[in-house]
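Inside the fold
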Amino acid sequence: MDRTTLRHALRFFVVGVINTGVYYGTYLLLSLVAHYLVAHLGAILVAMVGSFLLNCYWTFRTRPTWRKLALFPLTNATNYVMTTAGVVVLVEWLGVDERLAPLVAAVAAIPVTFLLSRRLLAGRPAAATRPAVGPGAGLPAPRGVPR
């Protein structure tokens, strides 16, 4: 893993921790004035927007767009599907304690969620990580000649 990817992964993890706190704090505040389910949904919305902005501005240092914001919940949906399937597999097939299974499944889903988020928010990995192909690949373009 190159330094940029490692830095992004660590920042993504920190954003996840912050996001959990934002969700829970928002949930507690909203639950003072709303039904618990409304508080939960409102907290998810606030936390998701916060996570989106933190991941754009701090983790991947990219410009947020309305399109990215609209697609960002797909990374969370993927995470929910993976963790749900993971819990079932761990408990039903592998006999893992049902109190521990959600934590194991969540940790296992982090790399996939990271890769999806990076792809959505930052685009393709840097060109330096892909091999150059074709005549003159990897060579600088002559001055005044665009590539």
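Structural notes on the pattern of salt bridges
Working definition: two side chains of opposite charge can pair if their charged atoms are close together. Under the criterion given, the structure shown has one salt bridge. Taking the shortest distance from any N to any O, the salt bridge between Arg99 and Asp97 comes out at 2.8 Å. Residue Arg99 is classed as exposed on the basis of its relative accessible area, which comes to 69%. With relative accessibility at 34%, the residue Asp97 sits in the partly exposed group.

A closer look at the packing of helix α1 (residues 3–30) against helix α2 (residues 36–59)
Between α1 and α2, the shortest axis-to-axis distance is 8 Å and the interhelical angle comes to 155 degrees. As the angle between them shows, α1 and α2 are arranged roughly antiparallel. In this structure, α1 meets α2 at a crossing whose hand is right-handed. Classifying every residue of the contact of α1 with α2 by side-chain character gives 17 nonpolar, eight polar and one charged.

Focus: the packing of α1 against helix α5 (residues 101–122)
One can describe the packing of α1 onto α5 by two numbers: an axis separation of 11 Å at closest approach and a directional angle of 110 degrees. In terms of axis orientation, α1 runs roughly perpendicular to α5. Judged by the twist between their axes, the crossing of α1 over α5 is right-handed. Facing α1, whose interface residues are Thr5, His8, Ala9 and Phe12, α5 presents Ile110, Thr113, Phe114, Ser117 and Arg118. In terms of residue class, the contact of α1 with α5 is made up of four nonpolar, four polar and one charged.

Regarding the nonpolar core
If you look at the biggest cluster of nonpolar residues, it comprises nine residues: Phe12, Met48, Phe52, Cys56, Phe60, Phe72, Phe114, Leu120 and Leu121. Beyond its immediate stretch of four places on either side in the chain, Phe114 contacts Thr5, His8, Ala9, Phe12 and Phe60.

Points about the side chain of Thr59
Tracing the chain through its elements places Thr59 in helix α2. Dropping the residues within four chain positions of it, Thr59 is found in contact with His8, Arg11, Phe12, Val15 and Leu54.

What to know about the environment of Asn79
In this structure, Asn79 sits in helix α4 (residues 73–93). Of the residues examined, Asn79 reaches a relative accessible area of 19% and is grouped as buried. Spatially, the C-alpha atom of Asn79 lies 7.8 Å from that of Ala106, the residues being 27 residues apart in sequence. The residues contacting Asn79, other than those within four sequence positions of it, are Ala109 and Thr113. Here the side chain of Asn79 touches Thr113 through a polar contact of 2.9 Å, side chain to side chain.

So, the packing of aromatic side chains
Scanning the entire structure with this criterion turns up four aromatic pairs. With centroids separated by 6.1 Å and ring planes inclined at 20 degrees, the aromatic side chains of Tyr23 and Tyr27 adopt a geometry described as stacked. One end of the pair is Tyr23 and the other is Tyr27, both in helix α1 and four residues apart, which spans about a single turn. An aromatic cluster is present here, built from Phe12, Phe60 and Phe114 joined pairwise through their rings.

Each value, and the rule that gives it
- Residues numbered from 1 in each chain as written.
- Predicted model: local features only at pLDDT ≥ 70, side-chain atom pairs only at ≥ 80, totals over all residues.
- Heavy atoms only, no water.
- Salt bridge = Lys/Arg side-chain N within 4 Å of Asp/Glu carboxyl O.
- Buried < 20%, exposed > 50% of the residue type's maximum accessible area, 1.4 Å probe, protein only.
- Axes fitted to C-alpha atoms, helices over the stretch in contact; angles between N-to-C directions.
- Helix = DSSP H or I, 4+ residues; strand = E, 2+ residues; numbered from the N terminus.
- Parallel < 35°, antiparallel > 145°, perpendicular 65-115°, else oblique.
- Left-handed = near helix turned anticlockwise from the far one by under 90°.
- Nonpolar A, V, L, I, M, F, W, Y, C, P; charged D, E, K, R; others polar.
- Contact = heavy atoms within 4.5 Å.
- Core = buried A, V, L, I, M, F, W, Y, C linked by side-chain atoms within 4.5 Å.
- Polar contact = N/O pair within 3.5 Å; in protein donor to acceptor, adjacent residues only side chain to side chain.
- Phe/Tyr/Trp six-rings, centres within 6.5 Å; stacked < 30°, edge-to-face > 60°.

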